[in-house]
Amino acid sequence: MHISTVIFIFISAKDDCSYDYLEIYHGNTSDLKRQGPYCGTEPPAPRTMAGPVTIRFVSDDSFTAHGFRALFSITDCGGTLTQSKGIFFSPAIHPDHPSEISCTWQIVGPTNKVIALSFPRFSLNVRYRCWQDYVEILDGAEDGPSLGRICGSQSITVKSTRNILTVKLRMGFQTKPPIDKGITAVYRMTYGVDHGCGGTFNVSSGEIQSLDIDSDGYYEPNLDCGWLINTNDADEVLAVAFETFDLEPSPNNTCNYDYVELKEDFNSGLVGRYCGSTLPTAITTTGNKLYINFHSDGKNNRAGFKLRFYTIPCKYLHKFFR
Ligand SMILES: [Ca+2]
Ligand SMILES: [Ca+2]
């Protein structure tokens, strides 16, 4: 998708635009999206439009004036991304230019990978429940299921199910856009549920371990695997016991490099973040859900971890732990 910015420097014509005038079409002249007509000595305001723009100048056979001069620039936005990792941005918007932007990025990885996407910067206007300015993420190509339409200020990370992820950005017409509005997105190809990295469990017991796809005894670099364990029974809690544990240590046990994180809710209720080679103590949740996230950075992979989980009916809890 091309984004055209048109800045009008000067236009001079006559009267009520019935003699000499200028028209702008968002598209070509057969489209109905006409802006104008413009005439007189007051230049039309600058504007930014997505896609092709046609400017039509009409003069009659009497009275000529100085005419007009328009400047324009074209910016690319959207496209297909196939590198193993990358970054993309919303186009810069001039603070004085009204804008209407629609960009679609499609990230396509090799068939044995999935795509992880996050937004280091995300700031869009909140209007009409994300109807006018939004990012929509599709799990697959453009006809894939939507993972959600988001606006405002967000900090989200998503992962595709397969090797294609589509990101649509729309920024609606704004008379005075704040220049800080826009997005920066980073993506990388990684492993997903089908490879043993993440998933959802609705069973009473099971096992989770770090992913070692090439079976060399060490987990893979650059992983973000998220598991949800859900007992589906409000009268049950979960117990988790680590059987093995060996992750890259970090100074002062900050766990900045590789870690396993246990949370009772998606974005809150941190139970613990673990790294190094000390076996974490067994834990019991307060509710019937547990989120487990395993993160590894780009180097120093270790043997990894293996844990077992099982459900405990609340009425037996005192027998186990008192
Ligand atoms: Ca490995
Ligand atoms: Ca590491």
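Chains are numbered independently. Their residues run from 1 in the order of the written sequence. Working convention: letters from A go to chains and numbers from 1 go to ligands, in the order in which they are written. Reporting of local features is limited, given that this is a predicted model, to residues whose pLDDT is at least 70; pairs of side-chain atoms are given and counted only at 80 or more, and all residues count toward the totals for whole chains, interfaces and linings.

**Concerning the overall build of the protein**
When helices and strands are counted, the protein shows one helix and 24 strands. Counting other C-beta atoms within 10 Å of its own, a residue is labelled buried from 20 upward, exposed at 12 or fewer, and partly exposed in the gap between, with every C-beta atom placed from the backbone. Within the protein, the fraction of its 322 residues that count as buried is 26%. Across the protein, contacts joining residues at least 24 apart in sequence account for 75% of those joining residues at least 6 apart. Note on conventions: DSSP H or I runs of at least 4 residues are helices, E runs of at least 2 residues are strands, and numbering of each starts at the N terminus. The contact rule is simple: place each C-beta atom from the backbone, and if two of them lie within 7 Å, those residues are in contact.

**Here's the deal with the sheet that holds strand E20 (residues 259–263)**
Whether two strands pair depends on DSSP finding at least two bridges between them. One open sheet accounts for five strands, arranged E16-E18-E23-E20-E21; its pairing is mixed. Across the chains shown, the open sheet's two edge strands, defined by having one partner strand only, are strand E16 (199–201) and strand E21 (270–274). Shown here is a sheet whose adjacent strand axes are inclined to one another by a mean of 15°, direction ignored. Here seven bridges tie strand E18 (residues 224–230) to strand E23 (residues 289–295), and the two strands are oriented antiparallel to one another. Residue pairing across strands places Ile229 opposite Leu290, the latter belonging to E23. Fitted lines through C-alpha atoms serve as axes, helices being fitted only where they are in contact, and the angles separating the N-to-C directions of these axes extend from 0 to 180 degrees.

**Here we look at the nonpolar core**
Among the nonpolar cores identified, the biggest contains 50 residues, and Ile115, Leu117 and Val167 are the most heavily contacted of them. For this core, the element with the highest residue contribution is strand E10 (residues 114–123), accounting for six residues. To form a nonpolar core, buried Ala, Val, Leu, Ile, Met, Phe, Trp, Tyr and Cys residues must be joined through C-beta atoms within 7 Å.

**Re the pairing of strand E11 (residues 134–138)**
Taken across its five residues, E11 has four buried, putting it largely inside the fold. Sheet topology places E11 next to strand E12 (residues 146–150); four bridges connect them, and they run antiparallel. In the strand pairing of E12, Glu136 is matched with Arg149.

**Here's the deal with unusual backbone geometry**
With omega at 10°, the peptide bond leading from Gly36 into Pro37 counts as cis. The topology assignment puts Pro37 in strand E3 (residues 34–38). Phi at Ser215 is positive, roughly 55°, even though this residue is not glycine. Turning to its location among the elements, Ser215 is positioned in the loop between strand E17 (205–209) and E18.

**Points about the sheet that holds E17**
Strand pairs in the sheet, formed through backbone hydrogen bonds, run parallel or antiparallel to each other. With antiparallel pairing, the four strands of this open sheet are ordered in space as E17-E24-E19-E22. The sheet terminates laterally at E17 and strand E22 (283–284), the two strands that pair on one side only. Across ten bridges, the pairing between strand E19 (residues 236–246) and strand E24 (residues 304–313) is antiparallel. Its bridge partner lying in E24, Leu238 is registered against Thr311.

**Examining the environment of Thr157**
Turning to its location among the elements, Thr157 is positioned in strand E13 (residues 157–159). Of the residues examined, Thr157 has 12 C-beta atoms within 10 Å and is grouped as exposed. Counting along the chain gives 37 residues from Thr157 to Pro120, while the straight-line C-alpha distance between them is 9.7 Å. In contact with Thr157, other than residues within four places in its own chain, are Ala116 and Ser118.

**With respect to the confidence of the model for the protein**
Averaged over the protein, the pLDDT score is 86; the fraction of residues at 70 or greater is 89%. Residue-level confidence of the predictor is summarised by pLDDT, bounded by 0 at the bottom and 100 at the top. When the criterion is pLDDT under 50, residues 10–14 qualifies, and its contacts beyond four places in sequence or with other chains add up to 24 contacts.

**Observations regarding the environment of Ser84**
As for its placement among the helices and strands, Ser84 is situated in the loop between strand E7 (79–81) and strand E8 (85–89). For Ser84, a count of 12 C-beta atoms within 10 Å puts it in the exposed group. Here the alpha-carbon distance between Ser84 and Tyr187, two residues 103 residues apart in the chain, equals 8.3 Å. Filtering out sequence-adjacent residues up to four positions away, Ser84 remains in contact with Arg188 and Met189.

**Concerning the environment of Tyr21**
By secondary structure assignment, the location of Tyr21 is in strand E2 (residues 21–25). Sequence separation of Tyr21 and Tyr38 is 17 residues, and the distance between their C-alpha atoms is 5.4 Å.

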